[in-house]
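# Per-entry structural report
Here are the chains, one letter per residue:
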Amino acid sequence: MFKVLKIGGSTITDKAKADCVRDEEIERIAGEILDQTSGLVLVHGAGSFGHIPAKKYGLPGKFSPEGLRITHASVVELNRIVVEALTEAGVDALPVHPLSCVLLKDGRIEKMEVDFIKEMVAGGILPVLHGDVAMDSSRRAGIVSGDQLVSYLAKALDAQTVALGTDVDGVLCSGAPLKEVTRKTLPDIESCFTQGPGTDVTGGMRGKILELLELADAGTTSLIFNARKAGMVKKALSGDAIGTLIRRSD
Ligand code: IPE
């Protein structure tokens, strides 16, 4: 039974400041994951580590080998910090860099190697993926968000629990989290999406919802919750109905 959890870049970094990591948040989350790693695949966002260099080099719109290299190096560094914190907390974790196992087509994952991820999980190892740059068969290169990775992996692994941790209490409308979002209710809430603080090249909350609605179409319900509040990651992994559910319309 697989579980796919994403911790957003806005939780583990300050998205407004380049390379600004929130060590204490990473440590806390590592502790919350510790006794729930069975079947778990972890994805984390890029935060200021990815979005700021990506924007600087005009990614994903512009093809820039230098931009790809520098943005990748930046997210790899954040991934190293996350894996190290998990290791220190007592979790057996290994880094997985999407640039080396994903091919995009028109910005969407066309191919992704997942058998080795299954082997890691079977061996009691937590695979730790991240939003990354990736090659694209029609646009040469692009960006694969952690949200898209979650949606793809959840489908490929037939995950039972899918949760996306952000720095807000779910999908907010007039300041309060919605209980659920479906394709049917999406048009009614379009006005709720505002551009959050910091730099984001992968679509913000609207992008997250669209990814998770793809998954909902395939029958898997997922969760958008606040990973900055202590205890919430643990609850999300236990399947508690916190935050906003993204599910198929009745
Ligand atoms: C973005 O990943 C990847 C790059 C900018 C290279 P995400 O879209 O998953 O990152 P967050 O969660 O918004 O920070």
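Going by the structure above, here's the rest.
Conventions used here
Residues numbered from 1 in each chain as written. Predicted model: local features only at pLDDT ≥ 70, side-chain atom pairs only at ≥ 80, totals over all residues. Heavy atoms only, no water. Helix = DSSP H or I, 4+ residues; strand = E, 2+ residues; numbered from the N terminus. Buried < 20%, exposed > 50% of the residue type's maximum accessible area, 1.4 Å probe, protein only. Core = buried A, V, L, I, M, F, W, Y, C linked by side-chain atoms within 4.5 Å. Pairing = 2+ DSSP bridges. Axes fitted to C-alpha atoms, helices over the stretch in contact; angles between N-to-C directions.

### Observations regarding unusual backbone geometry
A cis amide bond, omega 0 degrees, links Leu-59 with the succeeding residue Pro-60. Look at Arg-140: it is not a glycine, yet its phi comes out positive at around 75 degrees. Along the chain, the position of Arg-140 falls in strand S8 (residues 140-144). For Arg-140, a relative accessible area of 54% puts it in the exposed group.

### Some remarks on the nonpolar core
In terms of nonpolar packing, the biggest core is built from 39 residues, with Met-112, Leu-153, Val-171 and Ile-209 touching the most fellow members. Elements that contribute at least two residues to this core include exactly strand S2 (40-44), strand S4 (102-105), strand S5 (108-112), helix H5 (115-122), helix H6 (146-157), strand S9 (161-166), helix H7 (186-189) and helix H8 (204-217). If you look at the next biggest cluster of nonpolar residues, it comprises 28 residues, including Val-83, Leu-86, Ala-163 and Phe-225.

### Regarding the sheet that holds S5
Here four strands make up an open sheet; going across it, the order is S5-S4-S7-S8 and the pairing mixed. Edge positions in the sheet fall to S5 and S8, since each has one partner strand and no second. Taken pair by pair, the neighbouring strands of this sheet meet at an average axis angle of 45 degrees, ignoring direction. Examined bridge by bridge, S4 and S5 share four bridges and lie antiparallel to one another.

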